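Geometric and topological summary
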Amino acid sequence: MHEGVVLSNLARAWSGLTGQSCAFAPAAEPPTPQADDACFMLPITDCVTGFSSHPRALVLLLMGAAESQALAAAMFGLPPEQLSPADLQDAGAELCNILSASLMECLDDASLANLGLPQPLDRQQWPEYTHRGERRALFVVSSDQPRRLAVMLTDIHRDGSFCRE
Amino acid sequence: MQTANLAPLRVLIVDDSRAIQAIIQRVLQAASLGPLQFELAMDGEQALRLVTSFEPDLVISDWHMPKVSGLEMLQTLRQIGRHEIKVGFVTTETGERHLSQARSNGAIFVINKPFKDEDLLREVQAALASCREAAKGPAPALESAEALNRLIKSQMREIPFRLIPAPGQGLNDLKLPHNLAMYVAEGQKTPHALGILDVNACCILGGGGAQLQPPPVRLALNSGVPTPEMMTQADLFLRSAAGILTREPGSPPVTLKVVNLVAKPFDKLRSLMERDIGRSDYRLSVPGYGEGRMAFIRL
């Protein structure tokens, strides 16, 4: 894994979508979700199974309310007051999708990996999901910046508890 | 860009994110791409349903979507024979094994998310230019009517004539026998084009080339039998026509390879005419002589 490349790609993804700069840095522990945070997850499968119900890894994204608003406003080209909750969710899911493509670099061998579809994650489930499996990468916005963003990749290859219906 | 008289091109944006749909639409609307119509679909299944009603010129699609993926949508389009619809991808997919599948199914571009506006615009501009070119139909087999007019004038000299475009004429409209010429580009084995003079055109161009008075030409027309002198002149005309056949810039010169008098129409010639990848069809009318027909077919 080339951490520098991944960090640069994450920053490029955020600035490409919002027009705002944002530097990411590695972190030791995932943040504790706040009441208005939005969370998303995206399964990564491999083509050995190819079934979304058998993910190999998960990408998890946590985003503060202000970041959700800024992202959706930029993507939809609308002022924040005109955005619906569905708009915020749509934009957040797409950010999760785009960040996931960068984080796939952190897998040992991504040559057979397939990105699944992003979906909202209940905030209550964030602690459980972030502490299962083997954490392969965790990046948060640098501490010198006011933004609230965290993205992580957890390898759940041998963990059947993440199987979805 | 000059937009007057341009029919709007139809762009179908397929992405399960409404936010990405909005970005793509905004980028294209802000650019001077000529008149555009948009339709949106949330997945490949919905896109395939819209293809029949919306008839898109260009589909800009995501890859990973519920129900039917972007690749599956592209493959289905090709399987149902919709080869003319251009498809490009805007996706997070970077796997070479996937992207090569897209290219082998005719995807015209793959742009990774997040993308720069100028990258998307560059690809879409190229795709739309190609769509507008295709909408004009194939290039004619001859450079221009003026070039043909000059060539006939050099053959007929002072004899007045009228050249009338006859688009869509069929093989049956050309009176038998036909003088059929095959043209080949230098260094190529496959034919470049065919030229057909019907028997009347052979008599007229042959009689004009020999500077004959009207009676012997009318006699040949009525009997359907041109004289050897007329056929020599008709062959010379077909040989000269090689110089006014349409060809790509910088491509090798085209010459007459063979010319034959064909007594009966044959199916292959009919199907080549109907395929129409470039044709020039004319009637040639000469006062006192009569009227004949000619066709040039790009292969």
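Residues numbered from 1 in each chain as written. Chains lettered and ligands numbered in written order. Predicted model: local features only at pLDDT ≥ 70, side-chain atom pairs only at ≥ 80, totals over all residues.

With an unreviewed UniProt entry as reference, chain A is termed Chemotaxis protein CheX, source organism Kinneretia aquatilis.

1. Comments concerning the overall build of chain A
For chain A, the helix and strand inventory stands at four helices and seven strands. A total of 165 residues make up chain A; the buried ones form 45% of that total. In chain A, the proportion of contacts linking residues at least 24 apart, taken out of those at least 6 apart, comes to 68%. (Helix = DSSP H or I, 4+ residues; strand = E, 2+ residues; numbered from the N terminus. Buried ≥ 20, exposed ≤ 12 C-beta atoms within 10 Å, placed from the backbone. Contact = placed C-beta atoms within 7 Å.)

2. Some points on the sheet that holds strand E5 (residues 109-112) of chain B
In a beta sheet, neighbouring strands are held together by backbone hydrogen bonds and run either parallel or antiparallel to one another. All names here are of chain B. Overall, parallel pairing links the five strands, which are arranged E2-E1-E3-E4-E5 in an open sheet. Both edges of this open sheet fall to strand E2 (36-41) and E5, since each of them pairs with a single strand only. If you compare each strand with its neighbour and ignore which way they point, the axes differ by 20 degrees on average. With four bridges connecting them, strand E1 (residues 9-14) and strand E3 (residues 58-61) associate as parallel partners. (Pairing = 2+ DSSP bridges. Axes fitted to C-alpha atoms, helices over the stretch in contact; angles between N-to-C directions.)

3. Concerning the packing of helix H1 (residues 18-30) of chain B against helix H5 (residues 117-135) of chain B
Residues and elements named next belong to chain B. Their axes nearest at 10 Å, the elements H1 and H5 cross at an angle of 70 degrees. Taken together, the axis directions place H1 and H5 in an arrangement best described as roughly perpendicular. Crossing geometry of H1 relative to H5 is assigned as right-handed. Contacts between H1 and H5 involve Ile24, Val27 and Leu28 from the former and Asp117, Leu120, Leu121 and Val124 from the latter. For the contact of H1 with H5, the per-class residue count stands at six nonpolar, no polar and one charged. (Parallel < 35°, antiparallel > 145°, perpendicular 65-115°, else oblique. Left-handed = near helix turned anticlockwise from the far one by under 90°. Nonpolar A, V, L, I, M, F, W, Y, C, P; charged D, E, K, R; others polar.)

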